[in-house]
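Observations on the model geometry
The residues making up each chain are set out below.
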Amino acid sequence: MMMNELQDEKLRERVMLLVRFMRDEDLVEIASELGLTEYVAKYRESYEVTRRTGSRFYLPYGERERLIMIIAKKITDEKLAEVFNGLKPEDRLTDIGCFRGKYYTYYEGKEFLLHGSWDEVKRDVFEALEQTKERGYAFLKAIILLTKEMLKKRDIEYCYLYGPSYSEILRVMRSELGHFVALSPRDFAVLKACQIYYKSGSRRYPGHSIPLEILPAVEEALEEWKSRRRL
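Residues numbered from 1 in each chain as written. Predicted model: local features only at pLDDT ≥ 70, side-chain atom pairs only at ≥ 80, totals over all residues. Heavy atoms only, no water.

Focus: the overall build of the chain
Condition: Numbering of helices and strands runs from the N terminus; a helix is a DSSP stretch of H or I covering at least four residues, while a strand is a stretch of E covering at least two. Our radius of gyration is a C-alpha quantity, and the globule rule it is checked against amounts to 2.2 Å times the number of residues to the power 0.38. Think of it in three bands: residues with accessible area under 20% of the maximum for their type are buried, residues over 50% are exposed, and the middle band is partly exposed, with areas taken using a 1.4 Å probe on protein chains only. Contact between two residues is taken to exist if any of their heavy atoms lie within 4.5 Å; hydrogens are not considered. Here the open area of atoms and residues is found with the Shrake-Rupley method and a 1.4 Å probe, where only the protein chains shown may cover a residue. For the purpose of charge, His is not counted, nor are the chain termini; Lys and Arg are scored as positive and Asp and Glu as negative. All charge positions are set by atom: Lys at NZ, Arg at CZ, Asp at CG, Glu at CD.
A tally of regular secondary structure across the chain gives eleven helices and four strands. Its C-alpha atoms give the chain a radius of gyration of 19 Å, near enough to 17 Å, the size a compact globule of 231 residues would have. Principal axes of the C-alpha set define a box for the chain whose edges measure 60 × 35 × 30 Å. Here the chain holds 231 residues, and 51% of them are scored as buried. Sequence separation of at least 24 residues holds for 69% of the intrachain contacts in the chain that already meet a minimum separation of 6. When the accessible surface of the chain is summed, it comes to about 11800 Å², and 49% of that surface belongs to carbon and sulfur atoms. Computing the positive centroid from 40 side-chain charges and the negative centroid from 39, the chain places the two 4 Å apart.

Here we look at the packing of aromatic side chains
Basically, it comes down to this: For Phe, Tyr and Trp, where Trp contributes only its six-membered ring, two rings pair if their centres lie within 6.5 Å, and the inter-plane angle classes them as stacked under 30 degrees, edge-to-face over 60, or tilted in between. Only lysine NZ and arginine CZ atoms are considered, and such an atom sits over a ring when it is within 6 Å of the ring centre and within 35 degrees of the ring normal.
The full count for this structure, using the stated rule, is 15 aromatic pairs. Among the aromatic residues, those joined into a ring-pair cluster are F21, F84, Y104, Y106 and F112. Just above the ring of Y107 sits the side chain of K110; from NZ or CZ to the centre is 5.9 Å. The ring of Y158 has R154 sitting right over it, with the charged end atom 4.2 Å from the ring centre.

What about unusual backbone geometry?
Phi is positive for K88, close to 45°, though the residue is something other than glycine. Mapped onto the elements, K88 comes out in the loop between α6 (77–87) and β1 (98–100). Despite not being glycine, Q195 shows a phi value in the positive range, around 60°. Along the chain, Q195 falls in the loop between α10 (185–193) and β3 (198–201). A relative accessible area of 23% places Q195 in the partly exposed class.

Quick word on the packing of helix α2 (residues 24–33) against helix α5 (residues 63–74)
Put simply, the test is: To get an axis, a line is fitted to the C-alpha atoms, and for a helix only the part in contact is used. The angle between two axes follows their N-to-C directions and goes from 0 to 180 degrees. Should an angle fall under 35 degrees it is called roughly parallel, over 145 degrees roughly antiparallel, and 65 to 115 degrees roughly perpendicular, with every other angle called oblique. By convention, the crossing between two helices is left-handed when the near helix turns anticlockwise from the far helix through less than a right angle, and right-handed when the turn is clockwise. Lys, Arg, Asp and Glu make up the charged group, whereas Ala, Val, Leu, Ile, Met, Phe, Trp, Tyr, Cys and Pro make up the nonpolar group; the residues left over, Gly among them, are polar.
Running from N to C, α2 and α5 point in directions that differ by 40°, and their axes come no closer than 10 Å. By the angle class used here, α2 and α5 are oblique. α5 is crossed by α2, and the crossing has left-handed handedness. Residues D24, L27, V28, I30 and A31 of α2 lie in contact with α5, whose contacting residues are R64, L67, I68 and I71. Looking at side-chain class alone, the contact of α2 with α5 contains seven nonpolar, no polar and two charged residues.

Right, dumping it as structure tokens:
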């Protein structure tokens, strides 16, 4: 599903959580617990076979996205917390290991919290920029601009997995600042340590990403930092 199809912010975060942390077999179990048996009946038999044989279960093409949307609309906050606290799922799509949204917070292996972490995210952005200066500012800004364009054409899972290339980012950075700058290895380490950036893509086609759930918070922090520095 495309980001612009999800106008409700809380629904959008539920979708992001399910996309990032739930396997196909988890989605089937959640749907069953929510009484959505009519939506999973057609592949329930194949799911039970994989459970008996100990093999992995995969939903048919297009069904994962559809089931995630149905669950996200149906599930309550309390049930969502119960599911995460019971499964303690790992991050499927990034190496960040945490979700710090506006409404929900989850760190791998820890308690699922029904409150947001954007204040914490913005604090981390400011701390990172103290070290990386205009280089970090322009880099994060470029990723945000390019990711927003990508979200108009690609679904949420794709945009978690594949970020813009470094050459694309450098082009936007130069446009933003009016001159060329590049990040140092230490800059990358600082941004990653602050959990506001991760390397995405593949070895052949590497990308650079900001977790989608924190894009607005990072953007707000960048604008505040820019106004103080008058870039």
